[in-house]
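Examination of the molecular architecture
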Amino acid sequence: MTEEQYQKVISLDKRLNELKGVFRILDNNDTHLSYYEKGYCGHHDQLCAIKELSPIKDILAKYENIIRLEIKGEIENIKKQISEI
């Protein structure tokens, strides 16, 4: 393995671990990306009132599932790239 290949594997492995961490969070049924709102004046981000978003909850759930699938696909793609090196 060349130094360049080694550095590429290190970079891919780092990205893989980051995505796995994110996926573990998103795979939790209580995690909803679309329900977060940014905190203001030093306050932490927090969940929006689900009641406010309920009219579009089906749309939000659809895109959250798409994001989960994209991340899962990216994880598999990185694993494949690493195995090819």
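Up top is the structure these notes are about.
Summary of the structure given here. (Residues numbered from 1 in each chain as written. Predicted model: local features only at pLDDT ≥ 70, side-chain atom pairs only at ≥ 80, totals over all residues. Heavy atoms only, no water.)

1. Description of the overall build of the protein chain
Scanning the protein chain from terminus to terminus reveals three helices and two strands. Reading the protein chain from its N end, one meets helices and strands in the order α-β-β-α-α. Taking all 85 residues of the protein chain together, 19% fall into the buried category. Within the protein chain, contacts between residues at least 6 apart in sequence are counted, and of these 67% link residues at least 24 apart. On the protein chain, roughly 6,900 Å² of surface is accessible, and the fraction owed to carbon and sulfur atoms is 54%. (Helix = DSSP H or I, 4+ residues; strand = E, 2+ residues; numbered from the N terminus. Buried < 20%, exposed > 50% of the residue type's maximum accessible area, 1.4 Å probe, protein only. Contact = heavy atoms within 4.5 Å. Areas by Shrake-Rupley, 256 points an atom, 1.4 Å probe, with all protein chains shown as cover.)

2. Focus: the nonpolar core
Counting residues in hydrophobic clusters, the biggest one holds eight residues: L12, L16, L19, F23, L26, I71, I75 and I78. Top contributing element to this core by residue count: helix α1 (residues 3–26), with five residues. (Core = buried A, V, L, I, M, F, W, Y, C linked by side-chain atoms within 4.5 Å.)

3. Focus on helix α3 (residues 57–84)
When the terminal C-alpha atoms of α3 are compared, their 41 Å separation across 28 residues agrees well with the 40 Å that a helix rising 1.5 Å per residue should span. Residues L60, E64, R68, I71, I75 and I78 constitute the buried set of α3. (Expected span 1.5 Å × (residues − 1).)

4. Concerning the environment of Q5
Position of Q5 among the secondary structure elements: in helix α1. Relative accessible area serves as the criterion here: at 32%, Q5 is assigned to the partly exposed category. Measuring from C-alpha to C-alpha, the distance between Q5 and I82 comes to 9.4 Å, with 77 residues separating the pair along the chain.

5. Notes on α1
Helix length check: α1 (24 residues) gives 35 Å between terminal C-alpha atoms against 34 Å at 1.5 Å per residue, within 8%. The set of residues buried in α1 consists of V9, L12, L16, L19, F23 and L26. For α1, the secondary structure elements touched by its buried residues are α3.

6. Brief notes about the pattern of salt bridges
Any two side chains of opposite charge can pair, so long as their charged atoms come close to each other. The full count for this structure, using the stated rule, is one salt bridge. Among the ionic pairs, E76 bridges to K79, the shortest N-O distance being 3.7 Å. With E76 and K79 both in helix α3 and three residues apart, this pair spans about one turn of that helix. (Salt bridge = Lys/Arg side-chain N within 4 Å of Asp/Glu carboxyl O.)

7. Quick look at a nonpolar patch on the surface
A contiguous nonpolar surface patch, about 410 Å² in accessible area, is contributed by M1, Y6, I10 and I85. In this structure, I85 sits in the segment after α3. (Patch = residues over 30% accessible without salt bridge, like charges linked within 9 Å, V, L, I, M, F, W, Y side chains within 5 Å.)

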